[in-house]
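Each chain, letter by letter, is given below.
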Amino acid sequence: MEVILLLKQLSEADGLAGYEEPVRGVVSETWTPLVDEMRVGGLGSLIGLKRGTGPEPRPKVMLAAHMDEVGLMVSGLEKGFLHIAGVAGADPRAVLGLEVVVHAERDLPGIVATRPPHVIPSDERQKTVPWDKLFVDVGLPADQVEQLVTVGDLISIRCEMAELKNRRVAGKALDDRACVAAVTLALEKLAKVNHVWDVYAVATTQEETGLKGATTSAYGIAPDLAIALDVTFGNQPGLRDTEVFPLGEGPTIAVGPNLHPALVDHLKSVADAQEIPYHIEPVPGRSGTDAWAIQVSREGVPTALIGIPTRYMHQPVEMLAAQDVERAGRLLAAFVASLEADFLESIAWPESEESE
Amino acid sequence: MILKELSEAIGVSGQEGPVRAVILDAIRGHVDEVEVDTLGNVLALKRGTGPEPVRAMVAAHMDEIGLMVVGHDSDGFLRVSQVGGIDARLLPGKVLRVGPEGIPGVIGIKPVHLLKGDEYKKVPKLDSLVIDIGAKNKDEARGLAPLGTCATFGTTYREFGPTVSGKAFDDRAGCAVLVELLRGERLPCDLHAVFTVQEEVGLRGARVAAFKIAPDCGCALEGTICDDIPKDKDASPTTEMGGGPAITVMDRSFVADRRLVELLIGTAEDLGIPYQIKRPGIGGTDAGAIHRSRGGVPSVTVAVPCRYIHSPAALLSLDDFDNTVRLMRESLSRLTQRTLRRE
Amino acid sequence: MRELIRELVETYGPSGVEDEIRAVIRAEVEDLADEIRVDPLGSLVARKHGGDGGKRVVLAAHMDEIGIMVSYVDEKGFARFTRIGGVYSLNTVGDRVAFSNGTVGVVGVEQKRANATKIPTLDELYLDVGATSREDCPVAVGDSAVFVRPLDIQGTRLIAKAMDDRIGCAVLIETLRRLESTPHDLYFVFTVQEEVGLFGAGTSAYGIDPDVAIAVDVTGNGDTPESYPMAVALGKGPAVKVMDSGMIAHRAVKDVMVQRAKDAGIPYQLEVLARGTTDAMAMQVVRSGVPSGCLSIPCRYVHTPSEMVDERDVENAVCLMLEVLRADL
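Residues numbered from 1 in each chain as written. Chains lettered and ligands numbered in written order. Predicted model: local features only at pLDDT ≥ 70, side-chain atom pairs only at ≥ 80, totals over all residues. Heavy atoms only, no water.

### So, the overall build of chain C
Moving on, step 1. Check the secondary structure of chain C and you find seven helices and 17 strands.
Moving on, step 2. Whereas a compact globule of 329 residues would reach a radius of gyration of roughly 20 Å, chain C reaches 20 Å, a difference of no more than 12%.
Moving on, step 3. Judged by the C-alpha coordinates and their principal axes, chain C covers about 65 × 45 × 40 Å.
Moving on, step 4. The burial tally for chain C puts 62% of its 329 residues in the buried class.
Moving on, step 5. Across chain C, the fraction of contacts at a sequence separation of at least 24, relative to all contacts at a separation of at least 6, is 75%.
Moving on, step 6. Split by element, the accessible area of chain C, about 12000 Å² in all, is 47% carbon and sulfur. (Helix = DSSP H or I, 4+ residues; strand = E, 2+ residues; numbered from the N terminus. Rg over C-alpha atoms; globule rule 2.2 N^0.38 Å. Buried < 20%, exposed > 50% of the residue type's maximum accessible area, 1.4 Å probe, protein only. Contact = heavy atoms within 4.5 Å. Areas by Shrake-Rupley, 256 points an atom, 1.4 Å probe, with all protein chains shown as cover.)

In structure tokens form, the structure reads like this:
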């Protein structure tokens, strides 16, 4: 599928952490022709299996990208205004003035508001509005609001994906739907090439609330190898050059304790062979991605992490280059196709050989 | 002593290879089974002699804290981030070893002559520090120490008499104790000795090893904090060097199993082995990961008191070391299924 | 239920030393359950067999409570301590704690502390157990103590230490007492070490491998002077959790609780908690994932020695739990 159209569909679908049904529907429809089997995991992750051609029992590789997004929730009602809580890492600096939809008894349009700047002390204007001073106004009288809205109702952000210059796009939830798109592109390519290993494509849930979908689906699948994909910080003003990566120069391949070094070396060699540009991303500790959870699943899983440089993370204008998504998809497909039946032996720790 | 080799090996979290090699060499011929798992843990089994042997997992971590190269300046300096918790006050003026080959490098800071006002009172921030390996430019630096390369202190092992000093006693001291246990006589229990990876970045090696082994009980061996140097008020030393092995009752990662704590204390008191209870609420160890594995694993932590851990040169007492080996050996000898029975 | 609650809240049981409270609960549930066992970390599991075709359901309430642990005894016999779970110095100065051997201690604060107008840090507090030297001090490093407070009843309000989460234990015990029949295979789990990291619930749930898990625990409130806006008040019914800072409740589990409450005319509230979480967070990520939710008892002054709940909320929580368990899930 054309990548920008795919990104648009995924970005604009609702799918707050814990409530991923709408986006799962979109992904499911896209993956149905591309996989042999599909199921929904215990916490709602979508798991697609594309069988390999090797003899059984075939080794399993898991490709994981999360489909949940940050958002808002009704936490209380006061005089017809809705108190709100951030869900899954929403940034309170970037919600004031947003247009939203409150998923109440029926969908209600609303605006994220606070007291006017004119009437508050000037020093307060210099500070981020705290959650308890932010409200959603649905423009209805209090008694109607009481009837329609309940604590716990979800609030989604109204935001169409913007198509910018140089095939760059900006929209909500591109963290991490862009990577779901990359996995989708990889599945498309794998339809046309032979691969020995079984491929488990997983759109995970609740990444933003503690890597939960990845934790549970990795346990359920028990993969032999895993590649997690997530967005990483794009270059933007105010960030140190050691923590950002340029847009449009390819995905990143992470290195560090979270990632299996021999697996990473292999992934790099695949990228080199395919002439796919990439940057190396050093991750000294916690990667904060699904890779962190998958690596320590059960008895341990050799794991790699591919990143797509993205600006303005957790804001409704997350921005990235479509080319990088395509490259990540190509890299994934080529990686899967490169896996021989005995690949695992080739990444055993070097010191272990002599002792056996 | 094996501690020297272990201490001097370079093994920052995720890159424990050199330490693993030392350990595999040291335990060869002393164990019934050994394997390296997918994360790089060394799993060794020394079978027990008893009937219905308890399956005891004893873990010591191979990894140490350090720095990771995250960028290269045009002048050839290495920009770094920390791996595990590093005290930025310790870095200025230190010699480091970079990468598995141990390329020498230094961290220097602005000359004191050029400081303004009370600038000298401030600790330089880690992201303002660079490692200088003498590279002439960015390309040379990148070739010698590519992104992701790790660095650690360049200290060598020294003997002070009753005490010894070196880097990474957290937790090479624990590794050395565990090696000694494996080299000794068989115990009644099955000893699943695990030399873990990635403790300093989140107890990750122990977690997968505990899942695989599914032991009846667990013990982490550590080199732990001493705070027995002079301080302003009459306060806990956390542990004292020379006070014997330190037993953990509770730390930030878990609450120790009382039955195992009592086994250790009972053994120490019967045999006259000195011991101390580590100040509760401080630090965390692999036991935190082991005890929450699968359906739960009763666990405890025993440590050799070490002054100045996470610094270039830690200090430990050889008596404490020997007593830790002895306490562990004797306690494991008394460990039976009955120890873990709950009335 | 008042006498049950009194017995539960007044029993000693800091995280990691749950033997006494476990014995008390065991005595209450032994004759009601089909099977009973203690799992490796010490959680008590009481199983009630259901009919065919039901689900395997874990109901979890933690039996441990917050407390303090002695970290040092000085030359003059004063003890320093660390927290077991969320104990804050604002709530502890002048309070009394008790050890398992009956020793009582008073929490004092250093007179010469750095800034007398600020809330003291835990390091500036000490415990006075009436000793005069290290040698005659009746407590040692590693000993644990809990707040001392009897249950007080004022109208419908119940006030005690350790309402968190002995009130949840009381709800489970009372549910088991009144339960007539259920299609489900029920595991009433009284978990350990919740306050220090949800350790008992995760491991117990792993051992049981349930289809559904529901925690019963206390939650905060928004009905006291100048409180943060939170749509939960005492006396308006048990709260069905939608979200807290550690988890998002499984939609189906949340919905079934709401629906059964509506159908049976049981008052309930919906809960979005900004700070804090429960055993449900640990249970939801066990194995391949367990749909999990939480039924909360609104509670004021959580983690102080005087936690206050409303008796009607407790009663309604039992009624709602019975409704939830009565039919298919």
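### Thoughts on the interface of chain B and chain C
Moving on, step 1. Across the contact, 27 residues belong to chain B and 33 residues belong to chain C.
Moving on, step 2. Interface area for chain B against chain C, summed over the two sides, is near 2200 Å², with a carbon-plus-sulfur share of 58%.
Moving on, step 3. Across the contact surface, chain B and chain C share two salt bridges.
Moving on, step 4. With its nearest N and O atoms 2.4 Å apart, the salt bridge here joins Glu110(C) to Lys233(B).
Moving on, step 5. Summed over the shared surface of chain B and chain C, the number is eight residue pairs in polar contact (both at pLDDT 80 or more).
Moving on, step 6. Looking at the side of chain B that touches chain C, its residues break down into 11 nonpolar, seven polar and nine charged. (Buried area = accessible area lost by both parts, 1.4 Å probe. Salt bridge = Lys/Arg side-chain N within 4 Å of Asp/Glu carboxyl O. Polar contact = N/O pair within 3.5 Å; in protein donor to acceptor, adjacent residues only side chain to side chain. Nonpolar A, V, L, I, M, F, W, Y, C, P; charged D, E, K, R; others polar.)

### What to know about the interface of chain B and chain A
Moving on, step 1. Residue-level contacts link 31 residues of chain B with 29 residues of chain A.
Moving on, step 2. Between chain B and chain A, the buried area comes to about 2600 Å², and carbon and sulfur atoms account for 61% of it.
Moving on, step 3. Counting across the interface, chain B meets chain A through three salt bridges.
Moving on, step 4. For the pair chain B and chain A, the number of links is seven residue pairs in polar contact (both at pLDDT 80 or more).
Moving on, step 5. Mapped by element, the contributors of at least two residues to the side of chain B that touches chain A are helix H2 (17-27), strand S1 (33-36), strand S4 (66-72), strand S5 (78-83) and helix H5 (204-213) of chain B.
Moving on, step 6. Considering every element that reaches the side of chain B that touches chain A, the biggest residue donor is H5(B), with five residues.

### Overview of the pattern of salt bridges
All names here are of chain C.
Moving on, step 1. In this structure the tally under the stated criterion is 54 salt bridges over all chains.
Moving on, step 2. Close ionic contact of Arg 166 with Glu 65 constitutes a salt bridge, the shortest N to O distance being 3.1 Å. Of this pair, Arg 166 sits in helix H3 (residues 163-178) while Glu 65 is found in the loop between strand S3 (56-62) and strand S4 (67-73), placing the two residues 101 residues apart along the sequence. Exposure class is identical for Arg 166 and Glu 65. Each is buried.
Moving on, step 3. Note that Asp 244 and Lys 241 form a salt bridge whose closest N and O atoms lie 3.1 Å from each other. Lys 241 matches Asp 244 in its accessibility class, with the two residues each being buried.
Moving on, step 4. Each of the salt bridges in this network shares a partner with another, and the network as a whole consists of Glu 28, Glu 174, Arg 177, Arg 178 and Glu 315.

### A closer look at the domain arrangement of chain A
Interface extent is often summarised as the accessible area lost during association of the parts.
All names here are of chain A.
Moving on, step 1. Taken domain by domain, chain A holds domain 1 (3-69 + 172-350) and domain 2 (71-157).
Moving on, step 2. Taking the mean C-alpha position of each, domain 1 and domain 2 sit 34 Å from one another.
Moving on, step 3. Facing the 11 residues of domain 1 at the interface are 14 residues of domain 2.
Moving on, step 4. Both sides together, the interface formed by domain 1 and domain 2 hides about 930 Å², and carbon and sulfur atoms give 69% of it. (Domains from an automatic or database assignment.)

### Looking at unusual backbone geometry
Moving on, step 1. A cis geometry characterises the amide bond from Asp175(A) onward to Asp176(A), with omega recorded as 15 degrees.
Moving on, step 2. Summarising the element assignment, Asp176(A) is placed in helix H5 (residues 174-190).
Moving on, step 3. With an omega dihedral of 10 degrees, the bond running from Asp164(C) to Asp165(C) counts as a cis peptide bond.
Moving on, step 4. With respect to the secondary-structure elements, Asp165(C) resides in helix H3.
Moving on, step 5. The backbone phi angle of Ala88(A) is positive, close to 65 degrees, even though this residue is not glycine.
Moving on, step 6. Within the secondary structure layout, Ala88(A) lies in the loop between strand S5 (81-87) and strand S6 (99-103).
Moving on, step 7. The exposure class of Ala88(A) is buried, given its relative accessible area of 11%.
Moving on, step 8. At Glu52(B), a position not held by glycine, the phi torsion is positive, near 45 degrees.
Moving on, step 9. Considering the arrangement of structural elements, one finds Glu52(B) in the loop between strand S2 (42-46) and strand S3 (55-61).

### Digging into the packing of helix H1 (residues 2-10) of chain C against helix H2 (residues 19-29) of chain C
All names here are of chain C.
Moving on, step 1. In contact at an axis separation of 9 Å, H1 and H2 are set at 155 degrees when each is read in the N-to-C sense. Overall, the two elements H1 and H2 adopt an arrangement that is roughly antiparallel. H2 is crossed by H1, and the crossing has left-handed handedness. In contact with Leu 4, Glu 7 and Leu 8 of H1, H2 contributes Ile 21, Val 24, Ile 25 and Glu 28.
Moving on, step 2. Residue composition of the contact of H1 with H2, grouped by class: five nonpolar, no polar and two charged. (Axes fitted to C-alpha atoms, helices over the stretch in contact; angles between N-to-C directions. Parallel < 35°, antiparallel > 145°, perpendicular 65-115°, else oblique. Left-handed = near helix turned anticlockwise from the far one by under 90°.)

### Some words on the nonpolar core
Moving on, step 1. Counting 91 residues, the largest nonpolar core has Val102(A), Val112(A), Val136(A), Leu8(C), Ile25(C), Met163(C) and Phe190(C) as the members making the most contacts within it.
Moving on, step 2. For Ile25(C), the residues in contact, after removing those within four places along its chain, are Leu8(C), Leu44(C), Met63(C), Cys169(C), Ile173(C) and Phe190(C).
Moving on, step 3. With 68 residues, the next largest nonpolar core counts Leu174(A), Ala182(A), Ala201(A) and Ala304(A) among its residues. (Core = buried A, V, L, I, M, F, W, Y, C linked by side-chain atoms within 4.5 Å.)

### Description of the sheet that holds S5(A)
All names here are of chain A.
Moving on, step 1. Pairing within the closed barrel is antiparallel, and its six strands lie in the order S4-S5-S8-S7-S6-S9. Between one strand and the next, the sheet's axes are offset by a mean angle of 45 degrees, whatever the strand orientation.
Moving on, step 2. With two bridges joining them, S5 and strand S8 (residues 135-137) adopt antiparallel strand pairing. Across the sheet, residue Leu 82 finds its bridge partner in S8, namely Val 136. (Pairing = 2+ DSSP bridges.)

### A word on the confidence of the model for chain C
Moving on, step 1. When pLDDT is averaged across chain C, the result is 96; 100% of the residues are at 70 or more.
Moving on, step 2. Reported for the predicted complex are a pTM of 0.94 and an ipTM of 0.93. (pLDDT = per-residue confidence, 0-100.)

### Looking at the domain arrangement of chain C
All names here are of chain C.
Moving on, step 1. Under the domain assignment used here, chain C contains domain 1 (2-65 + 161-326) and domain 2 (67-147).
Moving on, step 2. Each of domain 1 and domain 2 was reduced to a C-alpha centroid, and the two centroids are 31 Å apart.
Moving on, step 3. If you look at the interface, domain 1 gives 13 residues, while domain 2 gives 14 residues.
Moving on, step 4. Both sides together, the interface formed by domain 1 and domain 2 hides about 1000 Å², and carbon and sulfur atoms give 66% of it.
Moving on, step 5. By the criterion of area lost to domain 2, the three top residues of domain 1 are Tyr 12, His 303 and Pro 305, representing 49% of everything that side buries.
Moving on, step 6. Where domain 1 touches domain 2, the interface holds zero salt bridges.
Moving on, step 7. Inspection of the domain 1/domain 2 interface yields three residue pairs in polar contact (both at pLDDT 80 or more).

### Quick notes on helix H5 (residues 251-264) of chain C
Residue and element names in this part refer to chain C.
Moving on, step 1. If you check H5, its first and last C-alpha atoms are 20 Å apart, about what 14 residues at 1.5 Å a residue would give, namely 20 Å.
Moving on, step 2. When we look at burial in H5, the residues that qualify are Val 253, Lys 254, Val 256, Met 257, Val 258, Arg 260 and Ala 261.
Moving on, step 3. For H5, the secondary structure elements touched by its buried residues are strand S13 (212-219), strand S14 (239-243), strand S15 (269-272), strand S16 (292-298) and helix H7 (311-326). (Expected span 1.5 Å × (residues − 1).)

### As for the side chain of Thr82(C)
Moving on, step 1. Among the secondary structure elements, Thr82(C) is positioned in strand S5 (residues 79-84).
Moving on, step 2. The class for Thr82(C) is buried, based on a relative accessible area of 14%.

### Here's the deal with the sheet that holds strand S10 (residues 152-154) of chain C
Residue and element names in this part refer to chain C.
Moving on, step 1. Reading across from one edge, S10-S11-S17 is the order of the three strands in this open sheet, with antiparallel pairing throughout. Edge positions in the sheet fall to S10 and strand S17 (307-310), since each of these pairs with one other strand and no more. If you compare each strand with its neighbour and ignore which way they point, the axes differ by 25 degrees on average.
Moving on, step 2. Where strand S11 (residues 157-160) meets S17, four bridges bridge the pair, whose relative direction is antiparallel. The residue bridging Leu 158 from the neighbouring strand is Val 309, located in S17.
Moving on, step 3. Strands in contact with H7 are S11 and S17; relative to S17, the strand with the most contacts, it is inclined by about 60 degrees.

### Focus: the pairing of strand S3 (residues 60-66) of chain A
All names here are of chain A.
Moving on, step 1. Along S3, six of the seven residues are buried, which leaves the element largely enclosed by surrounding structure.
Moving on, step 2. Bridging between S3 and strand S13 (residues 225-233) involves five bridges; their strand directions are parallel. The residue of S13 that forms the bridge with Ala 65 is Leu 229.

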